[in-house]
Amino acid sequence: MNPENVRMQKILKQMNVQQIKTNMKMKNVIITSFILALVLSSCADKNQTPAAPPPPVLPVAAITSANTTTDAEYPASIQGTVDVEIRPQVSGNLERVYVDEGAYVTKGQTLFKINERPFREQLNNALANLHAAEAALINANLEVDKLTPLVQNKVVSDYQLKTAKASQKIAAANIEQAKAMVGSARINLGYTTVTAPVSGYIGRLPKKQGSLVSATDVEPLTNLSDVHEVFAYFSLGETDFINFKAQYAGNTIDDKIRKLPPVTLVLADNNAYPQTGKIDMVDGQFDKTTGAITVRATFPNANGILRSGNTGRIRLGVQHDDAILVPQSATVEMQDKIFVFTVSKDNKVSKMPITIAGKSGVNYLIKDGVKSGDQIVLSGIDKLQEGQVIQPEKSTKVAQVINQK
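Description of the structure in this document. (Residues numbered from 1 in each chain as written. Predicted model: local features only at pLDDT ≥ 70, side-chain atom pairs only at ≥ 80, totals over all residues. Heavy atoms only, no water.)

### Points about the overall build of the protein chain
The condition is simple: Secondary structure elements are defined from DSSP: runs of H or I of at least 4 residues count as helices, runs of E of at least 2 residues count as strands, and each element is numbered from the N terminus. Partly exposed residues are those whose accessible area sits between 20% and 50% of the maximum for their type, while under 20% is buried and over 50% is exposed, using a 1.4 Å probe and protein chains only. It only takes one pair of heavy atoms within 4.5 Å for two residues to be counted as in contact. In these tables, accessible area is a Shrake-Rupley quantity obtained with a 1.4 Å probe, and a residue counts as shielded only by the protein chains included in the view.
Helices and strands together make up the secondary structure of the protein chain, namely 6 helices and 19 strands. Taking all 405 residues of the protein chain together, the buried fraction comes to 30%. For the protein chain, contacts bridging at least 24 residues in sequence account for 74% of all contacts bridging at least 6. Split by element, the accessible area of the protein chain, about 25500 Å² in all, is 53% carbon and sulfur.

Set out below in structure tokens:
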């Protein structure tokens, strides 16, 4: 190879190596500049503090005390003023059934007819015995009348007259016995017609026409309920009964009963019966098994809406003086506890547990936890945190929420 060509190749290689080094230096400068720019930008962001959000505006009101009434409810069973079992008084074949199940009947109306023929024959037999006894008495009287003058004239001995008078008394006694048998036969004959002892509604009819019935049957012919008024029976525990006696004025239970307010009957569909009732009886003793005492309330039932066997709840109003009320909407429930958020003078909120004594409308009756004058948050409490600062909103309209019933 020509020496000149070799020298030229060396020169070109040196130029290429120098160009590559120059390019790498430029790339390093660019990367370094980019990293420096990022670092400077990050430092600038750290030096800037973000603006804090404004405190939330929430309605706040002061708790006040007021006289109010809470409702206590007790399970109740309903019975008619008269609930009777209609049973046969004599045995025999059920000849006629004059009523249908659920029918309304009036007092004295015929319900059933038992075959009367055997009982009519018993009456006829008793009448015949009575007539025979009456005839025997006539003969005894004649015997006495015959012997009386003979004894006076000493034709016959006094013994015969005494015997005749004894027979006369026996004949009179036989008449009384025969009359009793006639009366018993008449009663049994009357029992073959079964009538309604009171006005009311007929229950089920387990015995149908043609059945053999007896006074010893376990099952009655039917049940009859007089429900123009109904009794609602409910029970009070010992503590409730003590509070019940302390709540109302009067020296005796009867005095307190006369001063009791009307009570409401809540039916099974949770609707209130349209007419109020009156408590008129408290049982004389506690049930040893349940530790409760029975109380009775009477309700009018002219339209027959209520029937024996209905169930419901007696709603009894209890008066509370100077009670602390908190709207239910201002509370939150967590882990079986109920809380409110109180507001301090520096507008910080605190989660305060409260003890509930009852309900009055939309309000809770507070037993413990807050007092009159405390400021509480009325709404928007679901996102509040302990110690958070708020901006209270107070207005007449907001303050009235606390007193709603």
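Right, picking up where we left off after that structure.
### Let's talk about the pattern of salt bridges
Pairs can form between side chains of opposite charge whenever their charged atoms are close. Where we set the bar: Whenever Lys or Arg places a side-chain nitrogen within 4 Å of a carboxyl oxygen from Asp or Glu, that contact is recorded as a salt bridge.
Considering all chains together, one arrives at 13 salt bridges under this definition. Across the pair Arg120 and Glu116 runs a salt bridge whose closest N-O atoms are separated by 3.4 Å. By relative accessible area, which is 36% here, Arg120 ends up partly exposed. Relative accessible area serves as the criterion here: at 23%, Glu116 is assigned to the partly exposed category. The residue Asp280 makes a salt bridge to Arg296 at a minimum N-O spacing of 3.1 Å. Of this pair, Asp280 sits in strand β11 (residues 278-282) while Arg296 sits in strand β12 (residues 292-300), and the two are 16 residues apart along the sequence. Judged by relative accessible area, Arg296 falls into the buried class, the value being 18%. Linked by salt bridges that have partners in common, Glu73, Arg313 and Arg315 make up one network.

### Some details on the packing of aromatic side chains
Rule in force here: Aromatic pairing here means that ring centres of Phe, Tyr or Trp (its six-membered ring) are within 6.5 Å. Orientation follows from the plane angle: under 30 degrees is stacked, over 60 is edge-to-face, and everything else is tilted. As a reminder, the over-ring test applies to NZ of lysine and CZ of arginine, requiring each to be within 6 Å of the ring centre and within 35 degrees of the ring normal.
One pass over the full model with this rule turns up 6 aromatic pairs. Between Phe241 and Phe244, the aromatic rings sit 6.3 Å apart at their centres with planes inclined by 15°, giving stacked as the arrangement. With Phe241 and Phe244 both in helix α4 (residues 238-247) and 3 residues apart, the pair spans about one turn of that helix. Judged by relative accessible area, which is 8%, Phe241 ranks as buried. Take Phe244: its relative accessible area is 5%, and that puts it in the buried class. The interplanar angle of 85° and the centroid separation of 6.2 Å between the aromatic rings of Tyr273 and Phe299 together place this pair among those described as edge-to-face. Remark: Phe299 occurs in strand β12 and Tyr273 occurs in the loop between β10 (264-267) and β11; sequence separation between them is 26 residues. Tyr273 sits in the buried class, given a relative accessible area of 5%. Residue placement shows Arg296 over the ring face of Phe231; its charged tip is 4.2 Å from the ring centre. The ring of Tyr201 has Arg307 sitting right over it, with the charged end atom 3.8 Å from the ring centre.

### Let's talk about helix α3 (residues 158-191)
One full turn of an α-helix is made of 3.6 residues, so residues set three or four places apart face in the same direction. Counted only if it meets this: Here a helix's expected span is defined as the number of its residues, less one, multiplied by 1.5 Å.
End to end, α3 covers 50 Å across 34 residues, agreeing with the expected 50 Å (1.5 Å per residue, within 8%). Of all the residues in α3, the buried ones are Leu161, Ala164, Ala171, Ile175, Ala178, Val182, Ala185 and Leu189. Turning to α3, the residues buried within the fold contact α2 (117-152) and β6 (193-195).

### Notes on the sheet that holds strand β8 (residues 212-213)
Let me state the cut-off plainly: In this scheme, strands are said to pair when DSSP sees at least two bridges between them.
Spatially, 4 strands are ordered β6-β5-β3-β8 in an open sheet, and the strand pairing comes out antiparallel. Of all strands in the sheet, those with a lone pairing partner are β6 and β8, marking the two edges. In this structure, strand β3 (residues 92-97) lies alongside strand β5 (residues 110-114), joined through 3 bridges in antiparallel fashion. Its bridge partner lying in β5, Leu94 is registered against Ile114.

### Describing the side chain of Lys256
Our working definition: Neither His nor the chain termini are counted; the positive set is Lys and Arg, and the negative set is Asp and Glu.
If you trace the backbone, Lys256 turns up in helix α5 (residues 253-259). Buried and unpaired, Lys256 has Asp255 as its nearest opposite-charge partner, separated by 8.2 Å. When residues no more than four places from it in sequence are discounted, the contact partners of Lys256 are Lys245, Tyr248, Ala249 and Gly250.

### Here we look at the nonpolar core
What counts is decided by this rule: To form a nonpolar core, buried Ala, Val, Leu, Ile, Met, Phe, Trp, Tyr and Cys residues must be joined to one another through side-chain atoms within 4.5 Å.
Formed by 29 residues in total, the largest nonpolar core has its most connected members in Ile86, Val105, Leu111, Phe112, Ile202 and Leu224. Residue assignment for this core shows that the elements contributing at least two residues are β5, α2 and α3. The element that contributes the greatest number of residues to this core is α2, accounting for 7 residues. What Leu111 contacts, discounting residues up to four positions off in sequence, is Ile86, Arg96, Val97, Tyr98, Val99, Val105, Val194, Thr195, Ala196 and Ile202. Within the second largest apolar cluster, 27 residues are counted, among which are Tyr74, Ala76, Val230 and Ile314.

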